[in-house]
Amino acid sequence: MVSQIKKIGMISLGFLPILLFINLPNFNKFVNSLFPPKSVDIKTKPIQDVSIKPTPKPPATENFDVVVYGDELPGICAAIWAKKTLGNNGKVALVRSNKSEEMLGGLLTRGGLAYLDFDKTPLWYSQPYSQCFRTFLKKANVQASCVEPNAADKALKQMLAEGNIKLISDAKVKPYLADQKIQYLEITKKHLQLKAHSFIDATQDAELARKAGLSYYRGYESQDPKLKNETLSISVIPTIKGLKISDIARVEGNILQSDDMMSIIEKRIWRQEDPKSAKFWLNNFWRPIYQAYYDGYYIRSVALGATYHFSHKVPFDTDGFFFDKANICAIGDNAVSWNGFLFKYPVETLIKMEETGKKPTPEMEKKMASLQEWLQRLSGKKIKFVMPQELYIRHSLNIKDVVDPLTGQEIIKGGTSPEQSIGTFSYEFDLRGGVKGLSLKNPPLPVYNFGIESALASKIKNLAIVGRSSGYVGIAVSVGRILTVNIYQGQGVGVAAAIASQSQISLNRVTSKDVREKLENLTGRRTRFYGRDTSQGVNYSDIK
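Here goes a summary of the coordinates provided. Remember, predicted model here, so these are calculated numbers, not experimental data.

Where helix 4 (residues 131–139) meets helix 15 (residues 483–503), the closest approach of the two axes is 8 Å, and the angle between their N-to-C directions is 120 degrees. Relative to helix 15, the element helix 4 lies oblique. Across the interface between the two elements, Gln131, Cys132 and Phe133 from helix 4 touch Thr484, Ile487, Tyr488 and Gln491 from helix 15. Residue composition of the contact of helix 4 with helix 15, by class: 4 nonpolar, 3 polar and no charged.

The following block contains the structure:
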């Protein structure tokens, strides 16, 4: 053992001089002189972030009894009357894609539609299903037939606040479905999910219903498959500042009183149009602007528009731009709202316009500038055309998948039976601007009953579609697109959605009878039906 320790010690003493030499300052220089180092190009790689990222928070969820998507007046009435039916504990939300600073009301505000089309049934204002419309007219201070956009916006905000409806703006939605129901709407921008027992699509173009996968007719294809890309004209409805009704009457009067001018216009129309069309355009040819209401006027003669067309060498034709007869509202003391400037586009173009916000095009702005210059010159007044934020698109599509579609043939025959109805409506088959390729006898003024079944989706149990894009077939949409009947039906569908939530049944199982009885109970009013066959013995079998 002692001998081993001595050996280890001697080895250690042997290494000591080497260790001392290595630690000398000149050792590295000595080594480098014997073995010069080679330069090596080392490319550095970025250091990868291997830190653990936090798991994204799941979207917040809000629960409601009813969610309405779209801020048109029919949708607002649906939301308010759903809440009225549910009572204090009910939860209802109105969701819209528009930004919070934009006016509520869509067509009546952003679209500039001031002239209202009233129901022609007697005592419509006393019916249970018209009470939301009556409330709006009162709060918007509608004197007779015209509504001012700012007054409409203020009234709608007040109605939603009084109804305790939650308003969610700037919200594009994506529906998620399972078991033939919308489970929730996702608002990605807000990291929010909205769950509800029932959903109501109140957009003009059935945006939510189409996103949910429901099929639809384009244009008038349900009347004739060849008319898939054909529909009514759209309008730009400007507010014209600096122009009074008296100025319009004077300009038109100068034309009507010129025998030479009227003769030229009349001859050109007969020369350019087929006899049937010429007769249509020359109806009321010599009649001046007519005061239909205290605040609403109607240009009955085509002379004013034809003068613009011929003086500017613009074809007198509804294909493209057309200066039509017009509904005009007096707005204040020194402005008018003018609904008579039409543009014709194929359906596929209209659908794209709807998907991009229904904004006026540069072509339209150029045409309005031309009209401004022309009317300013003829009136001798300094005027300004104020463009609406949105276009008045009368029709583009209709949802197929509804419980019971309403057809043009049914409307002529008086509509649905009283047992399957919530009310009655009457208005002309309004084919504004015509439908190219549609050749039918024009039916007389219909008076028809309607229910909610044409608005209830058949393939999605908890969805309804309220408005011009709901379940109309044939030429039914020519009447069914009128805002007043959409408001009536919106009120009824809102009640239906509340009944579905209270009874814990699917929305598409609620009937018009259920809704009618609930409306009568809520309003203390009795429903009176006036629907009748107005065919007058004429065969309209070519109308579907």
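Counted residue by residue, strand 13 (residues 335–343) has 9 buried out of 9 residues, so it is predominantly covered. Where strand 12 (residues 321–330) meets strand 13, 7 bridges bridge the pair, whose relative direction is antiparallel. Bridge pairing in strand 13 links phenylalanine 323 to phenylalanine 341. The turn linking strand 12 back onto strand 13 is made up of 4 residues, and glycine 332 within it adopts a positive phi angle of 65 degrees.

Here we take up the state of the cysteines. For the coordinates displayed, the defined rule picks out 2 disulfides. Across the disulfide from cysteine 77 sits cysteine 132; the S-S distance is 2.1 Å. One quick way to see it: the torsion about the S-S bond of cysteine 77 and cysteine 132 is about -90 degrees, and its sign makes the bridge left-handed. In this pair, cysteine 77 sits in helix 3 (residues 73–86) while cysteine 132 sits in helix 4, placing the two residues 55 residues apart along the sequence. For cysteine 132, a relative accessible area of 2% puts it in the buried group. Should the bonded cysteines of the chain be numbered as they appear in the sequence, the pairing reads 1-2, 3-4.

Criteria and thresholds
Residues numbered from 1 in each chain as written. Predicted model: local features only at pLDDT ≥ 70, side-chain atom pairs only at ≥ 80, totals over all residues. Heavy atoms only, no water. Axes fitted to C-alpha atoms, helices over the stretch in contact; angles between N-to-C directions. Helix = DSSP H or I, 4+ residues; strand = E, 2+ residues; numbered from the N terminus. Parallel < 35°, antiparallel > 145°, perpendicular 65-115°, else oblique. Contact = heavy atoms within 4.5 Å. Nonpolar A, V, L, I, M, F, W, Y, C, P; charged D, E, K, R; others polar. Buried < 20%, exposed > 50% of the residue type's maximum accessible area, 1.4 Å probe, protein only. Pairing = 2+ DSSP bridges. Disulfide = S-S within 2.5 Å.

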